[in-house]
Amino acid sequence: MMDKGKAINVGLIGCGVVGSGLVELFSENNNNGVNLKKIAVKDSKKPRKVPFNNFTDNADEILEDPGIDIVVELIGGHNPAKEYLVKAIKNGKHVVTANKAVISEHGPELFELARKHNVNIGFEGAVAGGIPIINPLLEQLSLGDITSITGILNGTTNFILTRMGERIDYESALKIAQEKGFAESDPGFDVLGLDAAQKIAILASLAYGRWIKPSEVYCEGIAEIMPIDVDYAKELGYAIKLLATARKINEGEVDVRVHPALISNSHKLSRVNEEFNAIYIQGSPFDEYFNVGKGAGKGPTAFSVYYDIVKIAEMARSETVREIRVNYKDLKIADQDKVSTEGYLRLYLRHVPGSLHSVVGVLANHGWNVKDSIQRSGPRYEMTVDGIKCLPNIITHEPLPFGVIKNTIPDLINIRTEKGKSVHGIPFYMRIHNSH
Ligand SMILES: NC(=O)c1ccc[n+]([C@@H]2O[C@H](COP(=O)([O-])OP(=O)(O)OC[C@H]3O[C@@H](n4cnc5c(N)ncnc54)[C@H](OP(=O)(O)O)[C@@H]3O)[C@@H](O)[C@H]2O)c1
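Not measured: the values here are computed from a predicted model. (Residues numbered from 1 in each chain as written. Predicted model: local features only at pLDDT ≥ 70, side-chain atom pairs only at ≥ 80, totals over all residues. Heavy atoms only, no water.)

Asker: Go over the pattern of salt bridges with me, naming the residues and quoting the values.
Answerer: Tallied over the entire structure, the rule returns 32 salt bridges. In this structure, E139 and K311 form a salt bridge, with 2.7 Å as the shortest nitrogen-oxygen distance. Of the two residues, E139 sits in helix α5 (residues 134–139) while K311 sits in helix α11 (residues 298–317), which places them 172 residues apart along the sequence. Among the residues examined, K311 registers a relative accessible area of 16% and is labelled buried. The closest approach of N and O atoms between E235 and R376, which form a salt bridge, is 2.8 Å. (Salt bridge = Lys/Arg side-chain N within 4 Å of Asp/Glu carboxyl O. Helix = DSSP H or I, 4+ residues; strand = E, 2+ residues; numbered from the N terminus. Buried < 20%, exposed > 50% of the residue type's maximum accessible area, 1.4 Å probe, protein only.)

If you want it as structure tokens, here you go:
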């Protein structure tokens, strides 16, 4: 039986942005007998500005040290991060990580290993940095019946979309994000929605009892959005956000996706701007859970990691193990083509009589019930596509299966009248989020 007053020793692997924030938290707080014993990094000779001096570049000095109770992995990436976590657990150590890549891909294997070795695993920092969501889901919300999770889970894209609302184009907004340190020099992982896909995969897995891999999440990025889309959305009463959603659509079926969407100005998430993240969960009996905060950064993320360490230290002292159960339900991932959605279509139409008429005919043939149609002229809207003067036409519609929408697009591109093609360039489609 572990002595209730026993000191708990922590070994940290990785001392970059989040790791250095964690070291500062340890130095600033009375940690109730939880001590940071050693830090492993890639290059222990590198000068560091953290209030700590026991560094090594041999992670085994932590993983194999019988005096270390909790191993904190903050190096990121798949390997060796996963190998270190596995080794730590096999050596009977509790583990804490903020690594969404490893948790989203290997969560079930790690949870099972932790169960087998009677240790705890914490990963609050892996989703939405400083916003408490993993522990609330594990300990409270998943006891209820979660109907949907909707999140703004990527700060970089939220920052870019906020700038685009100021009529700054996508490329320039991305550059500002990079200059401010909100976007990586290779921003693909964020702007294609892949980062948000890893995060919603983790949340949906914990909510619905079946592990959902990031590759099972339907994903679209934000690079095709133009500032005029943000203006049109405003005019129609919406904001544009990169939404990560998961919802039960039938008994035994979950719809999980990441894509930009129009979201009503009356929805709480529509007002979450800049680099902030937010999570909105609906279910019973709790009804609504909404939380907003910093989704990344040294302080917010380190604080989530620190919380996990403090909590796991308490559990270690009382010899409690929190089992994380996954894959106890047999759930199907919804086929996007069959999921109905309202939406917004932007087409560049040849500016001649009959173009719009020909488009309406094709839409009607595919069963579209149009709600709004907006067409504007003037220098801000006109565009020369394929050497032809075109105007953007915006169409919103009543719910339709996404497969029908996809099948309509080639027919629109192929419209020919006696004046030639009606639609130029590639039409851009975005879903409208309904408040499920
Ligand atoms: N940054 C954020 O805002 C944020 C937010 C949420 C979650 N996270 C997650 O937190 C984790 C850490 O991110 P970060 O931004 O702090 O990373 P980072 O700044 O790149 O730091 C990585 C650290 O890991 C060390 N390292 C790399 N490979 C190693 C190896 N093989 N063995 C030992 N140490 C190694 C590096 O050592 P050197 O210092 O010697 O190079 C460095 O100290 C990632 O999983 C990330 O996804 C980060």
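Asker: Help me get a handle on the pairing of strand β7 (residues 145–152), residues and values and all.
Answerer: Most of β7 sits out of view: six of its eight residues are buried. Direction of pairing for β7 relative to strand β9 (residues 238–250): antiparallel, over a ladder of four bridges. Paired with S148 across the bridge in β9 is R247. (Pairing = 2+ DSSP bridges.)

Asker: So what's going on with the domain arrangement of the chain? Residues and values would help.
Answerer: Under the domain assignment used here, the chain contains domain 1 (8–130 + 298–317), domain 2 (134–291) and domain 3 (339–433). Placing a centre on the C-alpha atoms of domain 2 and another on those of domain 3 gives a separation of 26 Å. Facing the 28 residues of domain 2 at the interface are 21 residues of domain 3. In total, about 2,100 Å² of surface goes out of reach between domain 2 and domain 3, with carbon and sulfur atoms giving 61% of it. Here domain 2 and domain 3 share four salt bridges between them. Of the charged contacts in the structure, one is a salt bridge between D231 and R380, with a shortest N-O distance of 2.0 Å. Our enumeration of links across domain 2 and domain 3 arrives at eight residue pairs in polar contact (both at pLDDT 80 or more). A per-class count over the side of domain 2 that touches domain 3 returns 15 nonpolar, four polar and nine charged. (Domains from an automatic or database assignment. Contact = heavy atoms within 4.5 Å. Buried area = accessible area lost by both parts, 1.4 Å probe. Polar contact = N/O pair within 3.5 Å; in protein donor to acceptor, adjacent residues only side chain to side chain. Nonpolar A, V, L, I, M, F, W, Y, C, P; charged D, E, K, R; others polar.)

Asker: A description of the packing of aromatic side chains should follow, citing residues and the corresponding values.
Answerer: A complete count under the given rule lists 10 aromatic pairs for this structure. Between the aromatic rings of F159 and F182, the centroid separation amounts to 4.9 Å while the plane-to-plane angle is 55°, which identifies the pairing as tilted. On the criterion of sequence distance, the pair formed by F159 in helix α6 (residues 155–164) and F182 in the loop between α7 (170–179) and α8 (188–191) is long-range, its members being 23 residues apart. Ring centres 5.9 Å apart and planes at 75° place the aromatic pair Y218 and F402 in the edge-to-face group. Within this pair, whereas Y218 is found in strand β8 (residues 218–219), its partner F402 is found in helix α13 (residues 402–413), the two being separated by 184 residues in sequence. Feature note: the residues Y218, W368, F402 and Y429 constitute an aromatic cluster, connected by ring pairs. Note that R431 overlies the ring of F402, its terminal NZ or CZ placed 3.9 Å from the centroid. (Phe/Tyr/Trp six-rings, centres within 6.5 Å; stacked < 30°, edge-to-face > 60°. Lys NZ or Arg CZ within 6 Å of the ring centre and 35° of its normal.)

Asker: Give a description of the sheet that holds strand β5 (residues 94–97) that names residues and reports values.
Answerer: Read across the open sheet, the six strands follow the order β3-β2-β1-β4-β5-β6; overall the sheet is parallel. A single partner strand is all that each edge strand has here, and the edge strands are β3 (55–56) and β6 (121–122). With four bridges connecting them, strand β1 (residues 8–13) and strand β4 (residues 70–73) associate as parallel partners. Considered in β4, the bridge of L12 is made with V72. Together, β1, β2 (34–40), β4, β5 and β6 form the strand contacts of α11, whose direction differs from that of β5 by roughly 165°. (Axes fitted to C-alpha atoms, helices over the stretch in contact; angles between N-to-C directions.)

Asker: Please provide a residue-by-residue account of helix α9 (residues 194–208), values included.
Answerer: Taking 1.5 Å as the rise per residue, α9 with 15 residues should run 21 Å; its terminal C-alpha atoms sit 21 Å apart, in good agreement. Buried residues dominate α9, accounting for 14 of its 15 residues. Following α9 by one or two positions, G209 has its phi on the positive side, about 75°. (Expected span 1.5 Å × (residues − 1).)

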